[in-house]
Amino acid sequence: MKKIEAIIRPEKLEPVRIALTEIGVFGMTVSEVSGRGRQMGIALQWRVGEYRVEFLPKVKIEAVVLDEDVGKALNAIVRKAKTGERGDGKIFILPVDNAIRIRTGDEGESAI
Amino acid sequence: MVNNGDTAWLLVSAALVMLMTPGLALFYGGMVRRKNVLSTIMMSFVLLGLIGTLWLLYGYSLGFGPNLGGIIGNLDWIGLRGVGQSPSNVYATTVPQLAFMIFQAMFAVITVALWTGGVVERTKFSAFLVLAVLWFTVVYCPVAHWVWGHGGWLAKLGCLDFAGGIVVHISAGMSALALALLLRPRKGFKEKEPMEPHNIPMVIMGTGLLWFGWFGFNAGSALTSGGLASSAFVATNASAAAAALTWMVLGWIHRRPSVLGIATGAVAGLAAVTPAAGFIPPLAGIPIGIIAALICYYCMVLRAKGGIDESLDVWAVHGMGGIWGTLAVGIFASVAVNSAGANGLIHGSGILLAKQLAGVASVATFAFVATWVLGKIVDRTIGLRVKEDEEVVGLDISQHGERAYGGVSP
């Protein structure tokens, strides 16, 4: 089992969710996050002139998938979240020791 | 003789002006960081309680009571002694004096609230309350007497201020500047940390309430419900509309048509037309508003370039808007609009402009210097500023023990 953490543009959440559903990845947790990459912040409009915002709004998707599904899932995310501009985001893949479904107590791969 | 129509309008106007203070609280509250929104709102809202009480106890007497040397009212009307259901023989002679008194109370409340915009996000609440009482007593009441009191020296000079360009906006604007210089910038201001306005829709709600309430402020200052109130009402709206549009265009030229910008423009136009509303032909509100937006916009640019953390630009908007509007009376005023007024430059007389200039210069200087001294006294004794860690955590938690947007569970 692997945990995929994808930090993407907020407006790409829906296309990514649909693409993941199509390949059988249903479960995911989504949060609104603020972050920055190499592009740093951006300038926003103030009453006169502008000010810099150092962190930009992003969406973080967390999904735990079977080892054999990792490639498909990553492909789906990259395909749908990419614009080619700076700020498309990042994906991190982490090992997962175990998973437990709280309702039934199922453990391991059958719990995800 | 009490006139029922006039009384009804003045009481409604007093209620309209009352609503401007919570409106201002939202206007300011939306522009600060989320950790300081309650503190910012509180600094306005508490004055409905504090000044609302002091005005009845002694403020009205100092501002409007029997004249002492043109400088201040005496204490004959302390605790509203003799202020009742019959009209005064010098102020608003067609309404109960109680109605005039409570209308004026709302002006005192919002004037103190206005300058809080210069000192948000770093002022200790207890020290602020002490400063507010001192400022109300030493700056507001005398200036109100000079300009509006029977026998006040600026009133006798013939300086005109229909609804408070001098008394409210110049005094608050200059005081905000003095206090901002005294307090020094917020932590992180010099380092250009982002001081992001945390809720612009809140600013717009506040602007809407201010604009709405301003009809009571300006048209109510006719103190009658007839033609003059109507004229002042139209002039007020004309200036607000023209200034809002102008500010939007200025922002667009430099970058984008900003929402925060159009709201700021509306307030600049409203502040500028305040001293003029009942002395000028209504259409003159348009040039007054356009020029107000230009002046206030570039004063704000200048203030920011100067590295002065007058945080919400009370000086640029209210101070400079009020100065422009007060001088504009000397340009656009016409006795055809208000026989109690005078003719300005356009209608053939230059002397009014000189009188207006005297009002601007004296009150701007007095407000700045007196406020500096009062601020210094409070700073030396109680300390005006919160501790550094209190400022970092935010004043909502450190001063009030509350947070505006709490909770993880639904």
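Residues numbered from 1 in each chain as written. Chains lettered and ligands numbered in written order. Predicted model: local features only at pLDDT ≥ 70, side-chain atom pairs only at ≥ 80, totals over all residues.

**Things to note about the interface of chain A and chain B**
Each partner contributes residues to the interface: chain A has 10 residues there, and chain B has 15 residues. If you tally residues by element for the side of chain A that touches chain B, the top one is strand 4 (residues 50-53) of chain A, at 4 residues. Taken together, the residues of the side of chain A that touches chain B sort by class into 4 nonpolar, 2 polar and 4 charged. (Contact = placed C-beta atoms within 7 Å. Helix = DSSP H or I, 4+ residues; strand = E, 2+ residues; numbered from the N terminus. Nonpolar A, V, L, I, M, F, W, Y, C, P; charged D, E, K, R; others polar.)

**Quick word on helix 9 (residues 259-273) of chain B**
Over its 15 residues, helix 9 of chain B runs 22 Å from end to end, which matches the ideal 21 Å to within 8%, given 1.5 Å per residue. Most of helix 9 of chain B is tucked away, with 14 of its 15 residues classed as buried. (Expected span 1.5 Å × (residues − 1). Buried ≥ 20, exposed ≤ 12 C-beta atoms within 10 Å, placed from the backbone.)

**Some thoughts on the sheet that holds strand 1 (residues 2-8) of chain A**
Residues and elements named next belong to chain A. Reading across from one edge, 2-5-1-6 is the order of the 4 strands in this open sheet, with antiparallel pairing throughout. Of all strands in the sheet, those bounded by a partner on one side alone are strand 2 (29-35) and strand 6 (89-95). Neighbouring strand axes in the sheet, compared pairwise and without regard to direction, differ in orientation by 20° on average. With 7 bridges joining them, strand 1 and strand 5 (residues 56-65) adopt antiparallel strand pairing. Across the sheet, residue Ile7 finds its bridge partner in strand 5, namely Lys60. In this fold helix 1 (residues 13-22) packs onto strand 1, strand 2 and strand 5, with an angle of close to 10° to the strand it touches most, strand 5. Here helix 2 (residues 70-81) sits on the sheet and contacts strand 1, strand 5 and strand 6; the angle it forms with strand 1, its principal contact strand, is near 5°. (Pairing = 2+ DSSP bridges. Axes fitted to C-alpha atoms, helices over the stretch in contact; angles between N-to-C directions.)

**Here's the deal with the environment of Val119 of chain B**
Residue and element names in this part refer to chain B. In this structure, Val119 sits in the loop between helix 3 (97-115) and helix 4 (125-148). The exposure class of Val119 is buried, given the 27 C-beta atoms found within 10 Å. For Val119 and Thr224, which are 105 residues apart along the polypeptide, the C-alpha to C-alpha distance reads 37 Å. When near neighbours in sequence (up to four residues on either side) are disregarded, Val119 contacts Leu179, Ala180 and Leu183.

**A word on the nonpolar core**
Residues Val17, Val112, Ala243, Ala268, Ala276, Ala292 and Cys296 of chain B are the most contacted members of the largest nonpolar core, which totals 154 residues. Among the elements that take part in this core, helix 3 of chain B stands out by supplying 15 residues, more than any other. Beyond its immediate chain neighbours, meaning those up to four positions away, Ala268 of chain B contacts Ala243, Trp247, Ala292, Ala293, Cys296, Val317 and Gly321 of chain B. Among the nonpolar cores identified, the runner-up in size contains 15 residues, and Ile8, Val25, Ala63 and Val65 of chain A belong to it. (Core = buried A, V, L, I, M, F, W, Y, C linked by C-beta atoms within 7 Å.)

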